[in-house]
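# Reading the structure
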Amino acid sequence: MKGFTTKAIHGSLQKKDPHGSLRVPVYDSVAFEFEQAADMQQAFEGRRLAHSYTRISNPTVAEFEDRVRLLAEAAGVIAVSSGMAAIANVVLALAEAGSHVVTSKFLFGNTYSLFEQTLKPWGLAVSYVDMTQLAELKAALNEKTRAVFLETITNPQLQVADIRAVAQVARAHGVPVIVDGTMTTPWLFKSKDFGVAVEVISSTKCMSGGATSVGGLILDNGTFDWKQNPKVRPWVEKCGPRALLVFLRREIYRNLGACLAPHNAYLQIAGLETMALRMQKSCENARQIARWLSQSPKVSRVHYPGLESSPYYAIARSQFSGGFGSLLNFHLTSRKACFALMDQCQIVRRATNIHDNKTLILHPASTIFCEYSLAEKSHMEVTDDLLRLSVGIEDVEDIIEDLAQAMENL
Ligand SMILES: *Cc1c(COP(=O)(O)O)cnc(C)c1O
């Protein structure tokens, strides 16, 4: 078994490029030709693997999917146009009007909006629970529940649930667990080993190699018996254990049209090749900055699962390998103090994104969560004195120096 970065760089070494190109070519073509009419018929009937139209599949995108599949040891992968498209595709595949999903009360802002504002009016019932309280999860499951959805590290609260335990509860109920592994990626967390059925990832973040392009991924770990889901069941009868991905490729993903552009797949393959090196550096930087911040008299509290004082330290250490992520949060005294610190930053940039090569700072309550009421924000623990720092791969002493000078006059 090859190492993570060797696999990220070489993929599965399929057929050599006709010109010997060492980088994967960008097949910026909408359509692909067939030698014979019968070949075309077979491809459309799904009896022959071939690319016909880029909204459905494309060789450059397929290479990206294959490399992620190797890294995650997943059964199969579909790349999509964004992390949000990945979540929407999976939920729309597994649930129908009148059915139900259990998710965490801590969610990425747009994911919460997808459930609350987009899918609820279509008839989906959604329960929000604290995923670290298994009794709450158990109580929320019912006969209409089609999935349990949670993030590996919640953004921005940085809560880490015991994912194996969550998966056991869901499995006992015949329901798949979907994790959003954007914060961890397969480098930190191998979701397959924790009983997770499906992982979605925003490849916009770490995989794009430093904020080059928007993209998303759906990974089927091959650990769930899809006969248990009423919508996927007919596909199991037709196509066997790969039913979910076939159902997506031949219906949901095809019909929603959120395909990844071939050029973005090319950029994300390049990003994937250096992902382990970058994550090692950003996780280590984050840990040092979290320690430094926790000693600052200007900072009242720091959230980072890699701090030994974090309530999630033990579970994060046992689930994640190689680090604790590159996102951390800290509290000052007020929104005014947060804005003042942000405005003084020179190297640290005021921008929204995570896993960028650059260190980015933002005030969640006035940005990502600005459309929510005070009550909703307080329920999600997004307070007015909270700052979010996405730590990059710069030299750590420069980030610390910048934060120190920005805090001087607080
Ligand atoms: C950014 C993000 C998403 C959405 O990804 P896009 O590629 O921006 O659509 C989903 N989940 C998490 C945890 C994220 O950080």
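Residues numbered from 1 in each chain as written. Predicted model: local features only at pLDDT ≥ 70, side-chain atom pairs only at ≥ 80, totals over all residues. Heavy atoms only, no water.

### Digging into the pattern of salt bridges
- For the structure on display, the rule yields 13 salt bridges.
- Glu45 is paired through a salt bridge with Arg47; the nearest N and O atoms lie 2.4 Å apart.
- Among the residues examined, Glu45 registers a relative accessible area of 37% and is labelled partly exposed.
- Lys227 serves as the salt-bridge partner of Asp225, at 3.7 Å between the closest nitrogen and oxygen.
- Given the relative accessible area of 35%, Asp225 is considered partly exposed.
- Lys227 gets classed as partly exposed once you look at its relative accessible area, which sits at 44%. (Salt bridge = Lys/Arg side-chain N within 4 Å of Asp/Glu carboxyl O. Buried < 20%, exposed > 50% of the residue type's maximum accessible area, 1.4 Å probe, protein only.)

### Overview of a positive patch on the surface
- Residues Arg55, Lys238, Arg250 and Arg254 make up a contiguous surface patch of positive charge.
- Within the element layout of this structure, Arg250 appears in helix H10 (residues 243-256).
- Taking the relative accessible area as the measure of exposure, Arg250 reaches 33% and is therefore partly exposed. (Patch = residues over 30% accessible without salt bridge, like charges linked within 9 Å, V, L, I, M, F, W, Y side chains within 5 Å. Areas by Shrake-Rupley, 256 points an atom, 1.4 Å probe, with all protein chains shown as cover. Lys, Arg positive; Asp, Glu negative; His and termini not counted. Charge placed at Lys NZ, Arg CZ, Asp CG, Glu CD. Helix = DSSP H or I, 4+ residues; strand = E, 2+ residues; numbered from the N terminus.)

### So, the site of the ligand
- If you check the shell around the ligand, you find Ser82, Gly83, Met84, Phe108, Asn155, Asp180, Thr182, Ser202, Thr204, Lys205, Gly215 and Ile354 and nothing else.
- One nitrogen or oxygen atom from the main chain of Gly83 is found 2.8 Å from an oxygen atom belonging to the ligand.
- Asn155 places a side-chain nitrogen or oxygen 3.5 Å from an oxygen atom of the ligand.
- When the ligand is considered free in solution it has 380 Å² of accessible area, and contact with the protein chains removes 90% of it.
- Residue composition of the shell around the ligand, grouped by class: three nonpolar, seven polar and two charged. (Near = heavy atom within 4 Å. Polar contact = N/O pair within 3.5 Å; in protein donor to acceptor, adjacent residues only side chain to side chain. Nonpolar A, V, L, I, M, F, W, Y, C, P; charged D, E, K, R; others polar.)

### With respect to the environment of Pro59
- By the element assignment, Pro59 lies in helix H3 (residues 59-72).
- Counting along the chain gives 35 residues from Pro59 to Val24, while the straight-line C-alpha distance between them is 9.2 Å.

### Describing the packing of H3 against helix H11 (residues 262-273)
- Following both chains from N to C, one finds H3 and H11 inclined at 30 degrees, their axes separated by 8 Å at the closest point. On the basis of the axis angle, H3 is roughly parallel to H11. For the pair H3 and H11, the sense of crossing is left-handed. Of the residues in H11, those touching H3 at Thr60, Val61, Glu63, Phe64, Arg67, Val68 and Leu71 are Pro262, Ala265, Tyr266, Gln268, Ile269, Leu272 and Glu273. (Axes fitted to C-alpha atoms, helices over the stretch in contact; angles between N-to-C directions. Parallel < 35°, antiparallel > 145°, perpendicular 65-115°, else oblique. Left-handed = near helix turned anticlockwise from the far one by under 90°. Contact = heavy atoms within 4.5 Å.)

### Considering the sheet that holds strand E4 (residues 145-151)
- Pairing in this open sheet of seven strands is mixed, and the strands run E1-E7-E6-E5-E4-E2-E3 from one edge to the other. The open sheet has two edge strands with one neighbour each: strand E1 (76-80) and strand E3 (125-129). Ignoring which end each strand starts from, the neighbouring axes of this sheet average 20 degrees apart.
- The pairing of E4 with strand E5 (residues 177-180) spans four bridges and is parallel. When the sheet's bridge partners are listed, Phe149 is paired in E5 with Ile178.
- Packing against the sheet, helix H4 (residues 83-94) makes contact with E1, E4, E5, strand E6 (198-202) and strand E7 (216-220), and its axis sits at approximately 155 degrees to E6. (Pairing = 2+ DSSP bridges.)

### Structural notes on the pairing of E4
- For E4, the buried fraction is high: seven of the seven residues fall into the buried class.
- Relative to E4, strand E2 (residues 100-104) runs parallel, the two being bridged by four bridges. Bridged to Val102 within E4 is Val148.
- Assessed by its sense of winding, the connection that carries the chain from E4 through helix H7 (residues 163-172) to E5 is right-handed. (Right-handed = clockwise from strand over helix to strand, strands pointing away.)

### Re the packing of aromatic side chains
- Enumeration over the complete set of coordinates arrives at nine aromatic pairs.
- Measuring from centroid to centroid gives 4.8 Å for Phe189 and Phe194, while their planes differ by 40 degrees, and the two rings are tilted.
- Classification of Phe194 by relative accessible area gives buried; the value is 10%.
- With a centroid separation of 6.2 Å and an interplanar angle of 50 degrees, the aromatic rings of Phe369 and Tyr372 are classed as tilted.
- By relative accessible area, which is 1% here, Phe369 ends up buried.
- Feature note: the residues Tyr112, Tyr128, Phe369 and Tyr372 constitute an aromatic cluster, connected by ring pairs.
- When the ring centre of Phe108 is taken as origin, the NZ or CZ atom of Lys205, which lies over that ring, is 5.3 Å away.
- Over the aromatic face of Trp235 sits the side chain of Lys238, whose NZ or CZ is 3.9 Å from the ring centroid. (Phe/Tyr/Trp six-rings, centres within 6.5 Å; stacked < 30°, edge-to-face > 60°. Lys NZ or Arg CZ within 6 Å of the ring centre and 35° of its normal.)

### What to know about the domain arrangement of the chain
- Here the domain parsing of the chain yields domain 1 (4-264) and domain 2 (276-407).
- Of note, the centres of domain 1 and domain 2, computed from C-alpha atoms alone, are 28 Å apart.
- With 36 residues of domain 1 in contact, the opposing surface of domain 2 contributes 38 residues.
- Taking both sides of the interface into account, the surface hidden between domain 1 and domain 2 amounts to around 3,200 Å²; carbon and sulfur atoms contribute 63%.
- Summed over the three residues of domain 1 that lose the most area to domain 2, namely Leu158, Trp187 and Leu188, the buried surface amounts to 22% of that side.
- Our enumeration of links across domain 1 and domain 2 arrives at zero salt bridges.
- Among the elements of the structure, helix H1 (4-10), helix H5 (109-119), H7 and helix H8 (185-188) are those that each provide at least two residues to the side of domain 1 that touches domain 2.
- At four residues, the largest contribution of residues to the side of domain 1 that touches domain 2 is made by H5.
- Looking at the side of domain 1 that touches domain 2, its residues break down into 18 nonpolar, 14 polar and four charged. (Domains from an automatic or database assignment. Buried area = accessible area lost by both parts, 1.4 Å probe.)

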